[in-house]
Amino acid sequence: MCGIIGYVGERSISDVLLKGLKRLEYRGYDSSGVAMFHGGMIEVHKAAGKIVGIETLLADRRQSGVEGGIGHTRWATHGAPNTKNAHPHRVQDIVLVHNGIIENYREIQKLVQSKGFTPKSETDSELFAFLVLFEMTDSKVDFIEAIRRSFLKISGNSSVVVMSERQPGLIVGIRNGSPLVASWNSEHGAMLASDAQPILDYTNQVHYLENYDMIVCRKSGIEFFDVHTAKPIKRPATKLDWSADRLDKNGYPHYMLKEIHEQARTILDTLNANFATSGGHIPFDFAPHPGLDQLSKTDRLSIVACGTSWHASLLGKFWFEKLAGLSVEAELASEFRYRSPVLKKNQVVMGVSQSGETADTLAVLQDVNKRGIPTMCISNVKGSTISREAKSAFYTYAGPEIGVASTKAFTGQILMMLLLAGKLGREAAMADSSGKAMIEIEKMYRELFELPHHLANGLLEESATSRATKAAALATQNSKGFFFVGRGYSFPIALEGALKLKEIAYVHAEGYAAGELKHGPIAMLEPDFAVVVLAPHDLWYEKTVSNLQEAKARGAKIIAVGHADDKLLPSMCDHFIPLPINTKKEDGKPVLSETLIPFLLAPIMQLFSYQIAVHKGTDVDQPRNLAKSVTVE
Ligand code: AGP
């Protein structure tokens, strides 16, 4: 939930730490701080609020030198988000940053008090520095050994990075749970961070720490040790395919808007990465992958996820059931893990997580692995904890998603699930010689390659879709509340549309299956309430239109999203948003299979919330109280 950085090398320490913290700010942004050597002493600078606070503090205190420094951006768990509780924490000559929760903090607090010390902050993190101090003073071990021994005394998932005035030029990190990634080369020195993004500015060769790995960083190199045995271990470098230029806004006012626009590219990159090339023709064969063999053998799939990834999983369920005839449940990871789910040997549990770090999703996969049931995951981050915990990993190719509200990663996730469902369905159709099913799936694959074009057209600023989305958002932004409703494939998009509006515009919104409105929520409707009705030409169209009428009859403002040439919807609603597709003149059928409409609806919902948030002046990329990567339960 927090972002950690450490650096030892020839570059300006303050510049490296600040630039790195900005890359990590999406992980938490209620306070930040850095600690750097200066004249043989460690200076600590902290500020409540975003990185800009610490940047201002450091404006005339830029440091260079090879003694090293550490930094932290915080998402508060223990203790209010203020300067006192901001990291780094100092206890005498020991200075540290921490990510995670020390579960036995009460016990350590008592020990600290019994020795006559009073911690300066309310955090569990500061207590770790006392443990290190006690090891050095009482057990008389050296700094590195003191950190190792102290780590074995804490419980819960934590990662720490520690330095000491006794040891200039040395930074020690330990990982358990919260990720740590490292790099070293002779040119830029040694770096340690919560994820690879700050490192990508210098190199794409990174070393992922495993749980209970300790890393010792010096300008001259990095060494890894097993925390339990203290023995040296090897952690070979992984080459990343993300580049630093994908981490910038590239002229967009917000990352979120840039990422909404990048969805056409996400689709193409994910398609290209998964299909084996086949001489310029639309390919239907997947590149070989061990997870595919596993999926082909299974007759039940449990998908677990949180937030937006759960909404994506609901769509996945629809497609796996429809295209592959597979029995699927899409579950909230935080609920699944504390139930007593009945798991069979021939089933697969799949975690879906953009970050690959979400605590609840990870915990489910860990439990399931212990039970010997096959696990897999869909993640956007190669080398993430979830992708390494799962027995096989599928990747989405959305590139780094910096906006805290997920947009392009959602599109990558639903595409990956659709591709897998299509692959299973096509295999089954081939086995049964079911020509019709095969033709349908191959048609869908062909259309998938056209989808980026439709999506990019719809997102053009001057397109009818974009203009109508903006107009509807501005006209209804002051509504008392919003319902987002849809049926079938549009239902998960309705849930996602409501989540986006809450997340970035702080406007109350709920998503419902359209058929559920009359079972209670309709009582809320009155003239200053808005209902967004997702009504593309699909199997559910007539029923959805009936639900629209029910809402309209109660005086609610209706925003309807439908095919561009829909004749009925515009006359029934206050604001009509046309999809960037219509129906074919020849046969009256939609130009795109209904299966693919969610790929167009989701970006419209994102844009709708984005417009309202911008008008309200909220912090679109870093909404209050949120963090991108939720590594606590
Ligand atoms: C999405 O906009 C949210 N930030 C949030 O719901 C997110 O999808 C959820 O925390 C799960 O994250 P993950 O995909 O990284 O596991």
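Provided above is the structure to which this section pertains.
Let me begin by describing the structure that accompanies this report. All values reported here derive from a predicted model rather than from experimental measurement.

What to know about the nonpolar core
Among the nonpolar cores identified, the biggest contains 82 residues, and Phe320, Leu420, Phe482 and Phe484 are the most heavily contacted of them. Of all the elements, helix H19 (residues 598-616) adds the most residues to this core, at eleven residues. Three or more residues apiece are contributed to this core by two domains, here domain 2 (255-458) and domain 3 (460-616). If near-sequence neighbours (up to four positions away) are discounted, phenylalanine 484 is found in contact with Ala494, Gly497, Ala498, Leu501, Ala509, Glu510, Gly511, Tyr512, Val532, Met605 and Phe608. Of all hydrophobic cores here, the second largest spans 31 residues; its members include Phe130, Leu131, Val132 and Phe134.

Considering the sheet that holds strand S11 (residues 205-208)
One open sheet holds the eight strands; their spatial order is S3-S2-S4-S1-S10-S9-S11-S15, and the pairing between them is antiparallel. Looking at the sheet topology across the chains shown, the edges are occupied by strand S3 (41-48) and strand S15 (238-239). One ladder, built from two bridges, connects S11 with S15; its direction is antiparallel. Bridge pairing in S15 links valine 206 to threonine 238. Each of strand S1 (3-8), strand S2 (31-38), strand S4 (69-74) and strand S10 (189-193) is contacted by helix H1 (residues 13-24), which is oriented at about 155 degrees to S1, the strand it contacts most. Helix H2 (residues 51-58) contacts S2, S3 and S4 of the sheet and is inclined by roughly 135 degrees relative to S3.

Brief notes about empty space enclosed by the protein
Tallied over the full model, the rule gives four cavities of 30 Å³ or more. Size it by volume and the largest cavity reaches roughly 300 Å³. Asp195, Ala196, Trp242, Ser355 and Val381 are the residues nearest the centre of the largest cavity, which is lined by 24 residues in total. Counting residues domain by domain, the lining of the largest cavity receives three or more from each of domain 1 (3-247) and domain 2 (255-458).

Looking at the packing of helix H16 (residues 490-505) against H19
Close contact between H16 and H19 brings their axes to 9 Å; oriented N to C, the two are set at 20 degrees. One element, H16, and the other, H19, form an angle in the roughly parallel class. Between H16 and H19 lies a crossing whose hand is right-handed. Within the contact between the two elements, H16 uses Ser490, Ile493, Gly497, Lys500, Leu501, Ile504 and Ala505 and H19 uses Pro598, Leu601, Ala602, Met605, Gln606, Ser609, Tyr610, Ile612, Ala613 and Lys616. Considering only residue class, the contact of H16 with H19 consists of eleven nonpolar, four polar and two charged.

Quick look at the sheet that holds strand S14 (residues 232-233)
Spatially, seven strands are ordered S5-S6-S7-S8-S12-S13-S14 in an open sheet, and the strand pairing comes out antiparallel. Looking at the sheet topology across the chains shown, the edges are occupied by strand S5 (89-91) and S14. Where strand S6 (residues 94-100) meets strand S7 (residues 158-164), seven bridges bridge the pair, whose relative direction is antiparallel. Residue pairing in the sheet places asparagine 99 in a bridge with serine 159 of S7. This element, helix H4 (residues 125-138), spans S5, S6 and S7 of the sheet and lies at about 135 degrees to S6. Sheet contacts for helix H5 (residues 143-151): S7, strand S8 (171-176), strand S12 (213-218) and strand S13 (221-226); angle to S8, the most-contacted strand, approximately 15 degrees.

Quick notes on the site of the ligand
The immediate surroundings of the ligand are formed by 14 residues, with Ser309, Ser353, Gln354, Ser355 and Thr358 found nearest. At a separation of 3.1 Å, an oxygen atom of the ligand approaches a polar backbone atom of threonine 308. Glutamate 503 is positioned such that a nitrogen or oxygen atom in its side chain is 2.7 Å from an oxygen atom of the ligand. Isolated, the ligand exposes 410 Å² of accessible area, and the fraction of that covered by the protein chains is 91%. Counting residues per element, the ones that place at least two in the shell around the ligand are helix H9 (307-324) and H16. In terms of residue class, the shell around the ligand is built from four nonpolar, eight polar and two charged.

Rules used throughout
- Residues numbered from 1 in each chain as written.
- Predicted model: local features only at pLDDT ≥ 70, side-chain atom pairs only at ≥ 80, totals over all residues.
- Heavy atoms only, no water.
- Core = buried A, V, L, I, M, F, W, Y, C linked by side-chain atoms within 4.5 Å.
- Buried < 20%, exposed > 50% of the residue type's maximum accessible area, 1.4 Å probe, protein only.
- Helix = DSSP H or I, 4+ residues; strand = E, 2+ residues; numbered from the N terminus.
- Domains from an automatic or database assignment.
- Contact = heavy atoms within 4.5 Å.
- Pairing = 2+ DSSP bridges.
- Axes fitted to C-alpha atoms, helices over the stretch in contact; angles between N-to-C directions.
- 1 Å grid on protein atoms, 1.4 Å probe; cavity = no way out; pocket = protein on both sides within 12 Å on 5 of 7 lines; lining within 4 Å.
- Points joined across faces, edges and corners; volume = space filled by probe spheres on them.
- Parallel < 35°, antiparallel > 145°, perpendicular 65-115°, else oblique.
- Left-handed = near helix turned anticlockwise from the far one by under 90°.
- Nonpolar A, V, L, I, M, F, W, Y, C, P; charged D, E, K, R; others polar.
- Near = heavy atom within 4 Å.
- Polar contact = N/O pair within 3.5 Å; in protein donor to acceptor, adjacent residues only side chain to side chain.
- Areas by Shrake-Rupley, 256 points an atom, 1.4 Å probe, with all protein chains shown as cover.

Purely spatial values, then, with no claim about function.
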